[in-house]
Amino acid sequence: MRLFVALNLPDDVRARIDQELLQPLREATRGVRWVLPDMLHVTLAFLGERSEVEAREASRVVAELAHGRSPLHVTLRGLGAFPSVEKPRVVWLGLEDPTGVRQLHRAFERERARLGVPAEGRAYHPHVTLGRVPGESPTLREALAPERPVHEFQAEVTLKSVDLMRSENSSNGLTYTVITTAPFVSSTEAR
C-alpha cells in the first residue's frame with residue numbers, strides 16, 4: 001500500500017479553500033486537475049509502497065511523534081507552483097512561518113531509517129497541494145498573477161493531529177484513507 005504522513009486540515013478550512021480559492025481557479029483555468037476539498041492536507045513525508053507490517057510500524061512512529069506535542073498553529077497564505085509559476089506542475093497554498101511543521105518533519109526524518117524509508121533527497125517545503133498540471137496551462141499562469149484576488153486568501157489553522165494516510169488509485173480517481181490518527185498531546189495534557 002502507498003503511504004504518506006499528513007497534517008489534515010479541518011473541514012471548515014477545507015470548505016473555505018474550496019470556495020475562495022479552488023472554485024475561482026477552476027473557473028479561470030483549463031488543463032489543471034484540482035484537488036477535491038476532502039483531500040486537502042500538508043504532507044509531512046511520503047513513505048511509498050509499504051507492507052502491512054511496515055504500516056503498523058509507521059503507525060507507531062506517527063503516534064510517538066504526536067505524543068508530547070501541542071497542536072500546531074499555522075497561517076495558510078500565498079499561492080505558488082512547483083517548479084515555478086512559469087512552468088507549473090503543482091499549484092500550492094503556502095504556510096506562513098511553518099516552524100512547528102518543520103520541527104515535526106525533522107523529527108519524522110530521524111525515524112526514516114527505522115521504517116526502512118530512504119530520505120527524499122530534497123528540501124522540505126510545507127504546503128497544501130491545490131492542483132496538478134499534467135501538460136500546458138497558459139490560463140493558469142494568468143490566474144496565478146500576483147494581482148488576482150485569490151492571493152488575498154488567508155486562514156489561521158490549528159492542526160490537532162498527525163495522520164498516517166493510504167493513497168489509492170481507482171476507477172473513481174485518487175482516494176486518501178486515514179489509517180492512523182494521532183492527536184497531539186502535550187506533556188502537560190498527558191499527566
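As shown above, the structure is provided for reference.
Along every chain, residues carry numbers that run from 1 in the direction the sequence is written. The model is predicted, so local features are restricted to residues of pLDDT at least 70 and side-chain atom pairs to those at 80 or more, both for listing and for counting; the totals for chains, interfaces and linings are taken over all residues. Side-chain measures here rest on the full set of heavy atoms in the structure, leaving out hydrogens and waters.

K.L.:
So what exactly am I meant to see when it comes to the packing of aromatic side chains here?
P.N.:
To describe a pair of aromatic rings, one takes the distance between the centres and the angle between the planes. Two aromatic rings, drawn from Phe, Tyr or Trp (for Trp, its six-membered ring), form a pair once their centres lie within 6.5 Å of each other, and the interplanar angle then sorts them: stacked below 30 degrees, edge-to-face above 60, tilted otherwise. Per the counting criterion, the structure on display carries two aromatic pairs. With a centroid separation of 5.6 Å and an interplanar angle of 40 degrees, the aromatic rings of Phe82 and Trp92 are classed as tilted. Residue Phe82 is found in strand 5 (residues 72-83), and its partner Trp92 is found in strand 6 (residues 88-96); the two are separated by ten residues along the sequence. Note on classification: 1.4 Å probe, protein chains only; a residue is buried when its accessible area is under 20% of the maximum for its type, exposed when over 50%, partly exposed between these limits. By relative accessible area, which is 13% here, Trp92 ends up buried. Helix and strand assignments come from DSSP, with helices taken as H or I runs of at least 4 residues and strands as E runs of at least 2, each series counted from the N terminus.

K.L.:
Hey, could you run me through the environment of His127 in this one?
P.N.:
Take His127: it is sitting in strand 7 (residues 127-132). What makes His127 buried here is its relative accessible area of 18%. Placed 59 residues apart in sequence, His127 and Ser186 show a C-alpha to C-alpha distance of 24 Å. At a separation of 2.6 Å, a polar atom in the side chain of His127 contacts the main-chain carbonyl oxygen of His125. Two N or O atoms form a polar contact when they lie within 3.5 Å of each other; inside protein one atom must be a possible hydrogen donor and the other a possible acceptor, and for residues adjacent in sequence the pair counts only when both atoms belong to side chains.

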